[in-house]
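Summary of the model geometry
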Amino acid sequence: MGCCTMCCFHTRTFRKSCMHFLLLLSRQGKLRLQKWFTPVTEREKKKVTREMTLMVLARPPHSCNFLLWRDLKIVYKRYASLYFCCGLEDQDNELLTLEVLQRYVELLDKYFGNVCELDIIFNFEKAYFILDEFLVGGELLETSKTAVGIAMEEAETLQETMEEYMSKPTY
């Protein structure tokens, strides 16, 4: 069937979207961020990443953002110099996934102030934190930009407090 039972909720009329992976690729084909929501070997991850890079970068600029690949649907979107690329089950909603990508970019923009590739490179842990506040197990967890922003502020405050505590001399 594909996606794990923890990841997807099934009923007759409704099925949540379940991502297999999310990759951020540069225009030069460099992998900048990767999140795998289903178990995949390192060898398979490298193969998938290589194939996604070749497929997505070869597409003309104004072509459709949806592709069929193996038994998955690929949804991608370019924002500035980064391609956001997701692998979905065949029956998942492509438009919902485009909205999820848009929301992630909005959250990154809000945190970094007009996010760029260098922000992802030098602050990848923050990009992962935002993603983990937003998506869990390949499913949309939090739709509120405000709630994710509050979680980021709390994490920043905690990190600053810990840095202050660790920098104080012990007697």
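Refer to the structure printed above.
A brief structural summary. (Residues numbered from 1 in each chain as written. Predicted model: local features only at pLDDT ≥ 70, side-chain atom pairs only at ≥ 80, totals over all residues. Heavy atoms only, no water.)

Focus: a nonpolar patch on the surface
A cluster of nonpolar side chains, Leu158, Met162, Tyr165 and Met166, forms an exposed patch at the surface whose accessible area comes to about 490 Å². Positionally, methionine 162 belongs in helix 5 (residues 145–167). (Patch = residues over 30% accessible without salt bridge, like charges linked within 9 Å, V, L, I, M, F, W, Y side chains within 5 Å. Areas by Shrake-Rupley, 256 points an atom, 1.4 Å probe, with all protein chains shown as cover. Salt bridge = Lys/Arg side-chain N within 4 Å of Asp/Glu carboxyl O. Helix = DSSP H or I, 4+ residues; strand = E, 2+ residues; numbered from the N terminus.)

A word on the nonpolar core
Residues Leu22, Leu24, Phe84, Tyr104, Leu108 and Ile120 are the most contacted members of the largest nonpolar core, which totals 28 residues. For this core, the elements supplying multiple residues, two or more each, are strand 1 (19–26), strand 4 (72–79), strand 5 (82–88), helix 2 (94–112), helix 4 (124–134) and helix 5. A per-element tally of this core places helix 2 first, with 8 residues. Once you skip the residues sitting within four places of it in the chain, tyrosine 104 turns out to touch Leu22, Leu24, Leu33, Phe84, Ala127, Tyr128, Ile130, Leu131 and Phe134. Of all hydrophobic cores here, the second largest spans 14 residues; its members include Val56, Trp69, Tyr83 and Cys85. (Core = buried A, V, L, I, M, F, W, Y, C linked by side-chain atoms within 4.5 Å. Buried < 20%, exposed > 50% of the residue type's maximum accessible area, 1.4 Å probe, protein only. Contact = heavy atoms within 4.5 Å.)

Some remarks on the pattern of salt bridges
According to the stated counting rule, one finds 8 salt bridges in the structure shown. The salt bridge involving glutamate 117 is made with arginine 32; its shortest N-O contact spans 2.7 Å. Of the two residues, glutamate 117 is situated in helix 3 (residues 117–122) and arginine 32 in strand 2 (residues 31–36); the sequence distance between them amounts to 85 residues. You can call glutamate 117 buried: its relative accessible area is 12%. A salt bridge links arginine 70 to glutamate 44, with the shortest nitrogen-to-oxygen separation between them at 2.4 Å. Here glutamate 44 lies in helix 1 (residues 42–57) and arginine 70 lies in the loop between strand 3 (66–69) and strand 4, a separation of 26 residues in the sequence. For glutamate 44, a relative accessible area of 26% puts it in the partly exposed group. Here the salt bridges share partners, and the residues they tie into one network are Glu44, Glu51 and Arg70.

Quick notes on the packing of helix 2 against helix 5
Here helix 2 crosses helix 5 at 40°, and the two axes come no closer than 11 Å. Taken together, helix 2 and helix 5 sit at an angle that is classed as oblique. Crossing of helix 2 against helix 5: the hand is right-handed. Contacts between helix 2 and helix 5 involve Arg103, Glu106, Leu107, Lys110 and Tyr111 on the former and, on the latter, Lys145, Thr146, Val148, Met152 and Glu156. When grouped by side-chain class, the residues that make up the contact of helix 2 with helix 5 number 4 nonpolar, 1 polar and 5 charged. (Axes fitted to C-alpha atoms, helices over the stretch in contact; angles between N-to-C directions. Parallel < 35°, antiparallel > 145°, perpendicular 65-115°, else oblique. Left-handed = near helix turned anticlockwise from the far one by under 90°. Nonpolar A, V, L, I, M, F, W, Y, C, P; charged D, E, K, R; others polar.)

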